[in-house]
Amino acid sequence: MNTVQTAPHTLPGASSKNWQAWLLVAILIYLLLAAVGAIGNGFKIATGSNAKELFSFASNPFVALIVGIVTTALIQSSSTVTSIIVGMVAGGLPVSMAIPMVMGANIGTSLTSTIVSLGHIKSPDEFRRAFSAATVHDSFNILAVAILLPLELLFQPLQKASAYLAQLFVSDSNMSMSGMNFMKTLLAPADNLLKLLTGWLPGIWSGLLLIVLGVVLILFVVSQIGKVLRKVMVGKAKDVLNAAVGRGPVSGMLSGTLITVMVQSSSTTTALIVPMAGTGVFTLKQVYPFTLGTNIGTTVTALLAATAISGPAAQVALQIALVHLLFNVFGIGLIYVLPLLRQVPVIMATTLAEWGLKNKMYVFAYMFGVFFAIPLLIIAIGQLL
């Protein structure tokens, strides 16, 4: 009888906290949508009909790729960067230039798990397992870009496939499943408030301030959503992880996708599994498909952000969000499904781990070189040529 009497006293408090957390998530998602819309509106105000001049920096797809890598490595959130890219596309950034940026974001976000692996650096065996589990994510994303970027430049499979799919969901240039532009009405109060805050500035400066407010708001909102969802969901995420990762590659991918959607951060998801790999709970073979699932799960934020865009830009905004999803799906189809390429990221990761064991300077040279030095050097060479 005592257990029956005490249960009602514990459940209401827990359910109340969960209710408050989900209400906060809903508010943050609304702010995310408003922020993405603000970036698109800001670019339109700032450029008028001169958007091409504003985005002249992205005339080279390799520069666009590097912008995606370095920006995401600094921010450590591909969800944030791709949400910003969605707003930029709505403001006039060509889809063909946004695609390499999205690819770069996939590479940049994998730095987090590599940093996490450094926590095992004092134990050689643990570090080897953790570092290889972390860098298999890097290796796959780099290989995917190495294969898909040239294909995209030659044949535009991502651009064409995403454009076709976007047309299915956007009717009469309105982001809606049935032509009803409910998102524009829903976001109108936030749009009007942001315009009111920036409207006192003349011309281009009003647009630029709107862009800055949108970017700052996205940075804040994505980080806060991650914090709230981690408090509510990480315990459940660990249960899913423990139950599903060891059951096979399909289960591993699905669990990686599900957990990343639950916590809204691929960085958090990979940070959960790398220490487990380091201590021997999971093998590299089990971690590999799981990290591919995190790549798919992290695309949800950009898809959600695209619903903030209405009018003529709605289709291209959704298109670039779909590019992020299709890039990861195609990458899995080309690399993991094909036996010839499946082991390449594993070989790359284990080789890096062996080098790291021999000399820890290789680890830091790899991290600094891949994510910062080499990309910036390529930009510098491009400027000289």
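With an unreviewed UniProt entry as reference, the protein is termed Solute carrier family 34 (Sodium-dependent phosphate cotransporter), source organism Pasteurella testudinis DSM 23072. Here the protein is described in UniProt, under the heading Subcellular location (unreviewed entry), as follows: "Cell membrane".

Our focus in this paragraph is the overall build of the protein. The number of helices and strands found in the protein is 18 helices and two strands. Residues counted as buried form 50% of the 385 residues belonging to the protein. Partitioning the intrachain contacts of the protein with sequence separation of at least 6 by distance along the chain shows that 82% fall at a separation of at least 24.

Another aspect to go through is the packing of helix α7 (residues 124-155) against helix α15 (residues 314-336). α15 packs onto α7 with a crossing angle of 100° between their chain directions and a minimal axis gap of 10 Å. Judged by the angle between their axes, α7 and α15 are roughly perpendicular. Contact residues: Phe140, Leu143, Ala144, Val145, Ile147, Leu148 and Leu151 in α7; Phe327, Phe330, Gly331, Ile332, Leu334, Ile335 and Tyr336 in α15. In terms of residue class, the contact of α7 with α15 is built from 13 nonpolar, one polar and no charged.

What follows deals with the confidence of the model for the protein. When pLDDT drops low, the exact placement of atoms in the prediction is not to be read closely. Across the protein, pLDDT averages 81, with 84% of residues at or above 70. Contacts from residues 1-12, a stretch scored under 50 in pLDDT, to residues over four places away or in other chains number zero contacts.

Now for the UniProt feature "transmembrane region" (unreviewed entry) in the protein. What UniProt calls "transmembrane region" (unreviewed entry) maps, in this numbering, to residues 20-42, 54-75, 95-118, 130-151, 203-223, 287-309, 321-341 and 361-382. Split by type, residues 20-42 is 100% helix and 0% strand. Its first and last C-alpha atoms lie 32 Å apart. For residues 287-309, the end-to-end C-alpha separation is 36 Å, with 78% helix and 0% strand making up the annotated structure.

The next subject is helix α17 (residues 344-358). Its 15 residues place the ends of α17 21 Å apart at the C-alpha level, agreeing with the 21 Å of an ideal helix rising 1.5 Å per residue. All of the buried residues in α17 are Pro345, Val346, Ala349, Leu352, Ala353 and Gly356. Projected onto a plane normal to the axis of α17, the buried residues spread over an arc of 130° and lie on a single side. Seen from the buried face of α17, the exposed residues on the opposite side, beyond 90 degrees, are Ile347 and Lys358.

The subject of this paragraph is the packing of aromatic side chains. Under the counting rule described, the total for this entry stands at seven aromatic pairs. Ring geometry for Phe127 against Phe131: centres 5.2 Å apart, planes inclined by 20°, an arrangement best described as stacked. Taken together, the residues span about one helical turn, with Phe127 and Phe131 both in helix α7 at a distance of four residues. You can call Phe131 buried: its relative accessible area is 1%. Note on Phe368 and Phe372: the rings are 6.4 Å apart at their centroids and 35° apart in plane angle, and the pair reads as tilted. Pair noted here: Phe368 and Phe372 are both in helix α18 (residues 360-384), with a separation of four residues, about one helical turn. The exposed category is assigned to Phe368, whose relative accessible area is 54%. Using a relative accessible area of 19% as the deciding quantity, one classes Phe372 as buried. An aromatic cluster is defined as three or more aromatic residues linked by ring pairs; in this entry it consists of Phe127, Phe131, Tyr366 and Phe371. The ring of Tyr336 carries the charged tip of Arg342 above its face, separated from the ring centre by 5.3 Å.

Rules and cut-offs
Each chain has its residues counted from 1, running along the sequence as written. In keeping with the predicted nature of the model, local features appear solely for residues at pLDDT of at least 70, side-chain atom pairs appear and are counted solely at 80 or more, and the whole-chain, interface and lining totals rest on all residues. Heavy atoms from the whole structure form the basis of all side-chain values; hydrogens and water molecules are not counted. UniProt positions are given in the numbering used here, feature names are shortened, and annotations may be inferred rather than shown by experiment. Put simply, DSSP H or I for four residues or longer makes a helix, DSSP E for two residues or longer makes a strand, and each gets a number counted from the N terminus. When accessible area is computed with a 1.4 Å probe and restricted to protein chains, residues below 20% of their type maximum are described as buried, those above 50% as exposed, and intermediate ones as partly exposed. Only heavy atoms enter the contact rule, under which two residues are in contact if any of them lie within 4.5 Å. Between N-to-C directions, angles cover 0 to 180 degrees, with each direction set by a line fitted to C-alpha atoms, over the stretch in contact for helices. Note on angle classes: values under 35 degrees are labelled roughly parallel, values over 145 roughly antiparallel, values of 65 to 115 roughly perpendicular, and the remainder oblique. Under the scheme applied, nonpolar residues are Ala, Val, Leu, Ile, Met, Phe, Trp, Tyr, Cys and Pro; charged residues are Asp, Glu, Lys and Arg; polar residues are all the others, including Gly. A residue's pLDDT is the confidence the predictor assigns to it, expressed on a 0 to 100 scale. Helix span, expected: 1.5 Å multiplied by one less than the number of residues in the helix. Taking the helix axis as origin, the arc is that swept by the directions to the C-beta atoms. For this analysis, a ring pair means two rings from Phe, Tyr or Trp (six-membered ring only for Trp) whose centres lie within 6.5 Å, classed as stacked if their planes differ by under 30 degrees, edge-to-face if by over 60, and tilted for the remaining angles. Sitting over a ring, as applied to charges here, requires NZ of Lys or CZ of Arg to be within 6 Å of the ring centre and within 35 degrees of the ring normal.

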